[in-house]
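Commentary on secondary and tertiary structure
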Amino acid sequence: MELLFTDDQLAFQESVRGFLQKECEPERLRKLWETESGRSPEFWAKLAEMGILGMTAPEEHGGLGMNEVDLVLVLEEIGRAALAAPVAETVAVGVPLLAACGSPALQAEWIPKVVAGEAALSFGHADTPFVHDAHVADLLLLHAGGRTDSDIAVHAVPRGDVTLVHEPGNDPAGRLYRVEWQPSPETRIATGAVAGTALALAFDRAALAAAAQLVGIAQQLVDLAAHYATQREQFGRPIGSFQAIKHMLASVQVRVEFARPVLYRAAWTVAEDTAERMVAVSHAKAAAAEAAILAARTALQVHGAIGYTWEVDLHIWMKRAWALDVAWGTRLWHRARIGRAVLDDSAAPSFGYSARA
Amino acid sequence: MELLFTDDQLAFQESVRGFLQKECEPERLRKLWETESGRSPEFWAKLAEMGILGMTAPEEHGGLGMNEVDLVLVLEEIGRAALAAPVAETVAVGVPLLAACGSPALQAEWIPKVVAGEAALSFGHADTPFVHDAHVADLLLLHAGGRTDSDIAVHAVPRGDVTLVHEPGNDPAGRLYRVEWQPSPETRIATGAVAGTALALAFDRAALAAAAQLVGIAQQLVDLAAHYATQREQFGRPIGSFQAIKHMLASVQVRVEFARPVLYRAAWTVAEDTAERMVAVSHAKAAAAEAAILAARTALQVHGAIGYTWEVDLHIWMKRAWALDVAWGTRLWHRARIGRAVLDDSAAPSFGYSARA
Amino acid sequence: MDLTFTPEEDAFRREARGWLEAHVPAKPLPSMDTAEGFAAHRAWERTLNDGRWAMVSWPEAYGGRGVNLIEWLIFEEEYFRAGAPGRVNQNGIFLLGPTLMDYGTDAQKARHLPRMAAGEDVWAQGWSEPNAGSDMAAIRATARLDGDHYVLNGQKTWCSRAVFADWIFCIFRTDPESQRHRGLTFILVPLDAEGVKVRPIAQLDGETGFAEVFFDDVHVPVENRLGDEGAGWRVAMATAGFERGLMLRSPARFQSTAARLVALYKDEAEQADPALRDAVVRAWMDAEAYCLNTYRTVSRLMSGGSIGAEASLNKIFWSELDVHMHETALSLLEARGQLLPHAPDAGNVGRWLDGYLFSLAGPIYAGTNEIQRNVIAERLLGLPKA
Amino acid sequence: MDLTFTPEEDAFRREARGWLEAHVPAKPLPSMDTAEGFAAHRAWERTLNDGRWAMVSWPEAYGGRGVNLIEWLIFEEEYFRAGAPGRVNQNGIFLLGPTLMDYGTDAQKARHLPRMAAGEDVWAQGWSEPNAGSDMAAIRATARLDGDHYVLNGQKTWCSRAVFADWIFCIFRTDPESQRHRGLTFILVPLDAEGVKVRPIAQLDGETGFAEVFFDDVHVPVENRLGDEGAGWRVAMATAGFERGLMLRSPARFQSTAARLVALYKDEAEQADPALRDAVVRAWMDAEAYCLNTYRTVSRLMSGGSIGAEASLNKIFWSELDVHMHETALSLLEARGQLLPHAPDAGNVGRWLDGYLFSLAGPIYAGTNEIQRNVIAERLLGLPKA
């Protein structure tokens, strides 16, 4: 029993953080927003160079064959940087789903391209209305049929074969699309129970990736607000010396800090695909979103009117928090899922406390 | 349109406050607790002298013939004093119910005794498990049958004819009893629609009286905490000069202040028995209880460990708040009742905004 | 206590409702933070004024109806029920107008009030400076008396409407030696005066409701001073005073939001999480409570009472209520709630996101809620200053 | 990261579970705040010690099992699952014991540890004084060195267990000129020493878990000093340190409450308001989060890490969680929730009221949550001191 990352995992997180701080500062994010796609192929290539895009790819396709425990800290950094690129969609969800369901030929066609930074993926699930960053995904992995019925299937559809309806949303870092498409035998890569299992796992991977980013965003918001409160003076002293400011930020930090172990445990249950996976992922998503939403409200209140402006960077993270809060299941959706397991099915053991002797 | 008390109403409130401050200070309350009944017949007589016990009694029985608008400020003071006596049960609920349903003979037998301070009443309703202060009530007004069925009836039963099971609770100022009794034709004072209407009104009167007391309790708790925070020094200054203390007490005061107009409006709807009565009473009870419960938590936190002791008076009001919070419908019960009117039946107009032109 | 409307009040309501039904534009006007929308809102002010509904609570002499505060509340209820446009000149009508009536000279009243009423002059307000936000007395912008003119220098910020407005009212430091709230003077400045530069501030939704206003040796005649030299703080406090603040946050605004939330809940009830039902009920309750408290306050004012620090209780209550209502709506809308109003699938729900962003400003502007809590603690509860 | 228990850990759990199943009293012991209950709890400590389960994390040399922190968590899980009695000597075992091991002389260890382990000496703690609560460094009680004795004078308060305990550990001011946290000394005092007076403090539920302790020229030998003269603050901080505090608030305590809440909800689900379902889920989630965070902290400590101001995050989290769980239970119980445990209709629900009152002390004791928020803001977030 050990709830701890390895030195290697922590070192990689550090290097990703340094990379993103350099390559992804707010000035560049704002420039990206003004481009048509809002995304940068050059930057995508740099993510590949850093090894991020190959993290979950099987080694036979040039990847690193890592799992969610390796990935979760990197996704936290991606949230902290408010990165505008479909890393979660591609690395956390797309590649594992393709590796699980795609034919050897399909894998060999696409995964090496992802690893090399030459392709991106995205994922659409019937439980969520939008496909994120579909406009820059080269291959879309899509859910057809219902949740459990006999029609259920996973399809892999090149972007050129679907119609994308852009649904402009509040967050420039994650564009939303409705995807109009026709399932066909040529695009189908899994059916039946295999598809059902793979889709449920992909949904949880997407929710986990959102949770990880939300934790990073929440911490960033607290740090931004703490920094501002140290600089900004009113009544002749830094506003951060007022207890009201101190206590509201401290309260947020409590929620952020206690979302972390929940997130890390969820990453482990996904990596190991344990029986607790769904409850653990829902817990992580709900706790991370709560921390991030509280952080957004509080950071804005600490900043005051200046935080309400376009030119101050705060809104970059607030919008990311609001968007990811409702992506891949809202807090209430996830708490309801936990409720079914804990209150109705009695299927959710307590960590440690319920362990079998 | 005027949401305001008359000078007479405010002057009577003042005089009641002065009276209770003198006659009902914590030292005396504590002595009362040590008596067997926990109640004082002498004090009951003084309440009669003050005119409080006769407020709602018809003038023909020696009362003042006043209504809930007159009474609500007095009940607030009773809460503020943590009075241990069945004033709400007798004056706010019992007398009006008896006056509405009792035979002329029964009224003539009991109401003058109440006015004179020689009798007390209490009320039992099927929606609430306990009868408050039944041990000192001379006549119990009891609900028989279901809520709306043909068996519904109001009975007036002398205390000697029932069995009282004491259910010791957390609040010494309001004892709880389960009443075991047999309805009989002799005790029945109303049946059918008359009984149903009277019982529903009596329930709302009880909830309104609890709400009024809760507002008084909430304000008292804030005042006690503010006073303590002004006296108590830590780190070389009064703790009330710390922003954390200031802000938590200010937040409570907001809830207390906005419970008041809701309470006063509810009193008016009961006095006038308007179509909005149930929603208005539920709103008052839920808002007052929320303010009082928040006040209790906050006042304790401001006091720190000393507030947790028996010898400091704070707990007198905290226990009253906790007890009245769940008497005559919990906050959730009342909000659910509002929900049925607002969300299901669309039966609750907004004050002013929904007015007919 | 009498919570029924009088026949006169009912008649006033009927008249207002009738006029509004006949005149409120069928389609919402474009945002007043655009040139086109600003013009449309200015035109609407003219329409209101033509019907003598622009400033119902102003005396008839200044183009109003001289109604009392209860009637003003009734008018607002009808205004929000009718879905009428936002008031582009609210800074003028509700803040500066009444202050002019109290502190202005006859010439100032004659010059400004009719044009304000008619929407010919739209007013911006200039309270804050970059280093004088919550600490409002830290004002640095200066006015130097030079013969029959003041020479203005410095900067104001968060000036709502200033991008398209005609005039701005500000306080300046006239005594350079003075500290804090002493030595300040209240001055009216035409935004087209030489040396005035207005820089729009983009909000987080990209709109420009605010601006910074820079004063570089701006000359305004002494007649533009409102109240005495050095009395600026007192005049400003009157402007920001309770009754006027009340007019900017009439209960009907929140009740209309609550009504929309109730309607949204009914639409979504089948798939909504059961926990949201209670949140909707609480929103409705608090909107009602805010309304009832306003009627209580207004009743007290009409009986000769006055209002002081209680205004801080109000500020906290309405601003938290507004955030809560919009959060609840967004919870009901789930992922759809993040769509901008023009998104294909947004239907008519995109307004909630806009409203949420606006609601988040509530606990900040007009004195942060932290400042309000200090006021409540110190002035109402008697807690000692730090 | 590996969130499976090792075979050794499983074996340890089996052993603990087996022993507890065989030994935990079938009926709950009476309250340890009564003479009878105190004796019963002391006897239970002896039983635990006989099985070498009293202080599993102590070294074997002192009667423990020398288990690591993960195993200690496992033991606690089993302890709470088994519904075993509260630890009457927790101040000794979890606070003073480890401090003695670090700072005590060999003679002190030999004298105190075995008797502590065996429940022969039950320890009270004496941190606070009437004017030194949140401001813990404002201590005034004095110890004057007189030859080979200290002479103690002054008063301590909120001394838990002191009514029936045998010994108390306190800090005294040994340097009368000193200020704040300098010049303090940590001293062990037998409660039957001449000049010691213990006055029980009745709590709001009428029980007497606390006492005031008065020292009137109490003589204790110099050997009763723990650590150096003047080093009392450092020793006291070690005693109150994170790992030891952790032992008083093991996750299993909150998980067992959450499990009871879940069971209560299932009993009441049919008539419960739908909004309470979400409250129960949140309680369960937060109890899990507290557990996971503890495993994370323990993993870090076992890998050589250390914990500082993060302890303040913990304090806030568990104390708010505990209040929330009990509030939710009382909401489910409605009017029944206010019955005392011995009321005829209370059944087994009266425990929730007791637990609620106890939970309300959580945000106060061991450093108020306001103090903890200051610590988080200043030490973790780098905000400036006032």
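Residues numbered from 1 in each chain as written. Chains lettered and ligands numbered in written order. Predicted model: local features only at pLDDT ≥ 70, side-chain atom pairs only at ≥ 80, totals over all residues. Heavy atoms only, no water.

Moving on: the overall build of chain C. Scanning chain C from N- to C-terminus turns up 12 helices and 8 strands. On C-alpha atoms alone, chain C measures out to a radius of gyration of 21 Å, which is about the 21 Å that the 2.2 N^0.38 rule sets for 386 residues. Taking the principal axes of the C-alpha coordinates as reference, chain C spans close to 70 × 50 × 45 Å. Within chain C, the proportion of its 386 residues that are buried is 60%. Within chain C, contacts between residues at least 6 apart in sequence are counted, and of these 70% link residues at least 24 apart. When the accessible surface of chain C is totalled, it reaches about 14,600 Å², and 48% of it is carbon and sulfur. Both charge centroids of chain C, one from 39 positive and one from 53 negative side chains, sit 2 Å from each other. (Helix = DSSP H or I, 4+ residues; strand = E, 2+ residues; numbered from the N terminus. Rg over C-alpha atoms; globule rule 2.2 N^0.38 Å. Buried < 20%, exposed > 50% of the residue type's maximum accessible area, 1.4 Å probe, protein only. Contact = heavy atoms within 4.5 Å. Areas by Shrake-Rupley, 256 points an atom, 1.4 Å probe, with all protein chains shown as cover. Lys, Arg positive; Asp, Glu negative; His and termini not counted. Charge placed at Lys NZ, Arg CZ, Asp CG, Glu CD.)

Once that is clear, we can look at the sheet that holds strand β7 (residues 188–191) of chain B. Residue and element names in this part refer to chain B. Strand order in this open sheet of 4 strands is β1-β3-β4-β7, and the pairing throughout is mixed. Edge positions in the sheet fall to β1 (121–124) and β7, since each has one partner strand and no second. When the angles between neighbouring strand axes are averaged without regard to direction, this sheet yields 15°. Inspection of the sheet shows strand β3 (residues 139–144) paired to strand β4 (residues 153–158) by 6 bridges, in the antiparallel sense. Residue pairing across strands places Leu 139 opposite Pro 158, the latter belonging to β4. Sitting on the sheet, helix α7 (residues 192–231) is in contact with β1, β3, β4 and β7, with an inclination near 100° to β7. (Pairing = 2+ DSSP bridges. Axes fitted to C-alpha atoms, helices over the stretch in contact; angles between N-to-C directions.)

Leu 47 of chain A, Leu 47 of chain B, Phe 186 and Tyr 295 of chain C together with Phe 186 and Tyr 295 of chain D are the most contacted members of the largest nonpolar core, which totals 462 residues. In contact with Leu 47 of chain A, other than residues within four places in its own chain, are Phe 19, Ile 52, Leu 53, Leu 83, Ala 85 and Val 87 of chain A. (Core = buried A, V, L, I, M, F, W, Y, C linked by side-chain atoms within 4.5 Å.)

All names here are of chain C. Along its sequence, chain C is carved into domain 1 (7–88), domain 2 (123–232) and domain 3 (249–380). Placing the centre of domain 1 and that of domain 3 at their C-alpha centroids yields a distance of 22 Å. Approximately 880 Å² of surface area, both sides summed, lies buried where domain 1 meets domain 3, with 80% of it carried by carbon and sulfur atoms. Among the residues domain 1 hides against domain 3, the three largest losses belong to Leu 69, Leu 73 and Phe 80. Together they make up 55% of the total. Linking domain 1 to domain 3 there are 2 residue pairs in polar contact (both at pLDDT 80 or more). (Domains from an automatic or database assignment. Buried area = accessible area lost by both parts, 1.4 Å probe. Polar contact = N/O pair within 3.5 Å; in protein donor to acceptor, adjacent residues only side chain to side chain.)

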